[in-house]
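# Descriptive analysis of the structure
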There are 2 protein chains.
Amino acid sequence: MRNSAPDDRPITQFVARPGVLDLGWGHPRPDLLPTGAWAEATARAMRESGWRALTYGHPAGPAPLIEWLGAGFGRTFVTAGASHALSLVSTVLTEPGDTVLVDAPTYHLALRVLADRGVRLVRAPAGDAAAIEAQVGDLRRTGHRVSLLYLVPTFGNPTGRSLTAAERDALLRVAEAARLTVVEDDTYRELAYDGSPPPALWDLARGADFVVRIGSFAKTVAPGLRLGWVNAAPALIRRLADLGYVDSGGGVNHTTAMTMAVFGSSGAYADHLATIREAYRAQRDALAGGLGVPAPAGGWFLWLRLPAPWTAASLLPEAESRGVSFLDGTRFFAGDGGDGADHVRLSFSLYPPADLAEAARLFRAALSAPSGSAESSR
Amino acid sequence: MRNSAPDDRPITQFVARPGVLDLGWGHPRPDLLPTGAWAEATARAMRESGWRALTYGHPAGPAPLIEWLGAGFGRTFVTAGASHALSLVSTVLTEPGDTVLVDAPTYHLALRVLADRGVRLVRAPAGDAAAIEAQVGDLRRTGHRVSLLYLVPTFGNPTGRSLTAAERDALLRVAEAARLTVVEDDTYRELAYDGSPPPALWDLARGADFVVRIGSFAKTVAPGLRLGWVNAAPALIRRLADLGYVDSGGGVNHTTAMTMAVFGSSGAYADHLATIREAYRAQRDALAGGLGVPAPAGGWFLWLRLPAPWTAASLLPEAESRGVSFLDGTRFFAGDGGDGADHVRLSFSLYPPADLAEAARLFRAALSAPSGSAESSR
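Given the structure is predicted, the values throughout are model-derived calculations rather than measurements.

### So, unusual backbone geometry
Looking along the chain, the bond that leaves A:Ala104 and enters A:Pro105 is cis, with omega of 0°. Here A:Pro105 is to be found in the loop between strand 3 (99-102) and helix 4 (108-116). A cis geometry characterises the amide bond from B:Ala308 onward to B:Pro309, with omega recorded as 5°. The topology assignment puts B:Pro309 in the loop between strand 9 (301-305) and helix 12 (312-322). Its identity as a non-glycine residue notwithstanding, A:Arg206 has a phi of 50°, on the positive side. A:Arg206 gets classed as exposed once you look at its relative accessible area, which sits at 76%. Phi angles above zero are rare outside glycine, and B:Arg179 is one such case at about 50°. The topology assignment puts B:Arg179 in the loop between helix 6 (165-178) and strand 6 (181-185).

### Observations concerning the packing of helix 3 (residues 82-93) of chain B against helix 8 (residues 234-241) of chain B
Residue and element names in this part refer to chain B. Packing of helix 3 against helix 8 brings their axes to within 10 Å, and their N-to-C directions diverge by 105°. Put simply, helix 3 runs roughly perpendicular to helix 8. Taking contact as the criterion, the partners of Leu88, Val89, Val92 and Leu93 in helix 3 are, on helix 8, Leu236, Arg239 and Leu240. Residue composition of the contact of helix 3 with helix 8, grouped by class: six nonpolar, no polar and one charged.

### Concerning the interface of chain A and chain B
Between chain A and chain B, the residue contacts involve 66 residues of the former and 66 residues of the latter. Roughly 5800 Å² is buried in total at the junction of chain A and chain B, and carbon and sulfur atoms are behind 60% of that figure. In this assembly, chain A and chain B are joined by six salt bridges. The residue B:Arg9 makes a salt bridge to A:Glu67 at a minimum N-O spacing of 2.6 Å. Our enumeration of links across chain A and chain B arrives at 34 residue pairs in polar contact (both at pLDDT 80 or more).

### Considering the environment of B:Ser162
Residues and elements named next belong to chain B. Relative to the assigned elements, serine 162 resides in the loop between strand 5 (146-151) and helix 6. Spatially, the C-alpha atoms of serine 162 and alanine 297 are 8.5 Å apart, while their sequence positions differ by 135 residues. If sequence neighbours within four positions are ignored, serine 162 has contacts with Pro153, Thr154, Phe155, Glu167, Arg168 and Pro198. At 2.9 Å, the side chain of serine 162 forms a polar contact with the backbone nitrogen of phenylalanine 155.

Quick notes on the rules
Residues numbered from 1 in each chain as written. Chains lettered and ligands numbered in written order. Predicted model: local features only at pLDDT ≥ 70, side-chain atom pairs only at ≥ 80, totals over all residues. Heavy atoms only, no water. Helix = DSSP H or I, 4+ residues; strand = E, 2+ residues; numbered from the N terminus. Buried < 20%, exposed > 50% of the residue type's maximum accessible area, 1.4 Å probe, protein only. Axes fitted to C-alpha atoms, helices over the stretch in contact; angles between N-to-C directions. Parallel < 35°, antiparallel > 145°, perpendicular 65-115°, else oblique. Contact = heavy atoms within 4.5 Å. Nonpolar A, V, L, I, M, F, W, Y, C, P; charged D, E, K, R; others polar. Buried area = accessible area lost by both parts, 1.4 Å probe. Salt bridge = Lys/Arg side-chain N within 4 Å of Asp/Glu carboxyl O. Polar contact = N/O pair within 3.5 Å; in protein donor to acceptor, adjacent residues only side chain to side chain.

Pasting the structure below:
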């Protein structure tokens, strides 16, 4: 049985649907994953660091990786990915019952990570700092403990957009004045296709204690490694490193972190990043070009508003019957308000340009179908 | 600066103390860590599984590792080590404010992992099931929610001892009758030096929903990998896999799990285990023999009662001045009751036999010092 159908065994999260170009997955293109380079980095880490790469690690993460990351000791904590970082940060910075502000739209699974902490999620469009200031005031006056704001300000998921310089400044001013911790999920920073990405909130705030930055190697190297980091003020880094499970385990992903330090300092990271930037740029252009929509400057996603009377729910069966799929925009908003019903997220990460050009053709064909009948017939 | 003193940078949790044989560390012997075999397994996993080893993994863990572990799909969840397993299990099975029973003595860092959940820890010596039954009854009658019992029943930390067959049966009967979930930390099972280990509570209970078993590769392969697992009834496995951060990350340590599946199925695990069993057996014999105390049948620890009037606190400076150290027994009891003050934990995992024979000699010399003066002079 074991060898009869090896690809049907649950190994990956991704499940292929024959005949469907599924732009719902925010997963890397398989042939871009650095299998050979990772094996080489592992061999070198084992050879050069020996037992130090395999024993219990320093709780905050091993020096070679922290040094390579550049934010410095005391301001960096190595995590098992960005979601793990968000889970740990919410464990330390919130109590169940707290109110947490979340950008709208924002990364849908972050909403679940936060919900698991037992906090109440409230939408707060991050580009409107004045509204957030008023909202925090209202919530606090009515007895809510507002502990933090979560957002993906750079090449955001799902929008692909970035906060402008003015929006960043305004948000930081409000956060500082309101003593509101901003959790900046900076997962997509390195996937910049048209020049440099905007500065991180973390850098703009010069390491002030009201900004926590989350980074990840999931998009730049490989998601399966489960490796990321937190940049924060020293007091928070100490609280993370002092968690019983972190101290007991000797950090949360030591061997992988030691291997990544080799991958980084050997130049493999820079080489790989140049390769994937070029590849994902071409994929972005194929999809955005094929759809005739503006191309985001970075990240993996297009966020499209559908022409009325289409909704994501009515378009989905129409699209899937033609062989293309996507995620419904409502998933990216906390709660059940119905926001995003007229939006879809299309990911251009998983397929090469030719497939994405075809996906764009199929998507346009679905949009050209009679929309009223598509909705009413289901 | 980076290359001036590479060994002083914080890389590992272990910190060498020149001139001290420190038997406080429950860490593997460095030269037994399988650096070459791990590099080989990584290369093979990358070659044979390709992108599947690096992308987002199946949330409960990848099939090749779950199959090799043998408890089956739906009853296994791959974790980032045993401490992570305990952290996740306590997140799902307890609420802050609950009462959690802990064996006495037991693994000291498990106490911190559980305390981080905000539960109240109550000592419950696991060998006395009748007392536990009465204790649970008393606690529940006085309004406490008693959610689980944590113990290391096989080659325990710190005692090295295992529950007898009769104690296991009695504990399971009480747990089933009282609807008390038993969390069996089975970290040391494979380190059996005198024949087979006793059966796991998980196996004795035939997968009943009141037993959760935690396993780990930290002692058998390498702690830095951060890889372990949970065996539990399907409903609990589903709750773990459904955590937002687990789903978002595609499992908690996918690439390492895929590599371990190769390490296991290639025979490298069995070869390595045979090697380290022989090595740790010799280390056990060197320390226990040198001290003239009974040798535990497995695990990494000796748990010694000191002759009066010595206490661990009074002996420590005496021992360290001679060049040997240990952990104070009070660390292994929840709360501040002072239990364990006359006990020490000596680990024989970190040093080769000759060092352990010397450590035993130094320890005995410390015990021969005038104990009253050692205590009163400090």
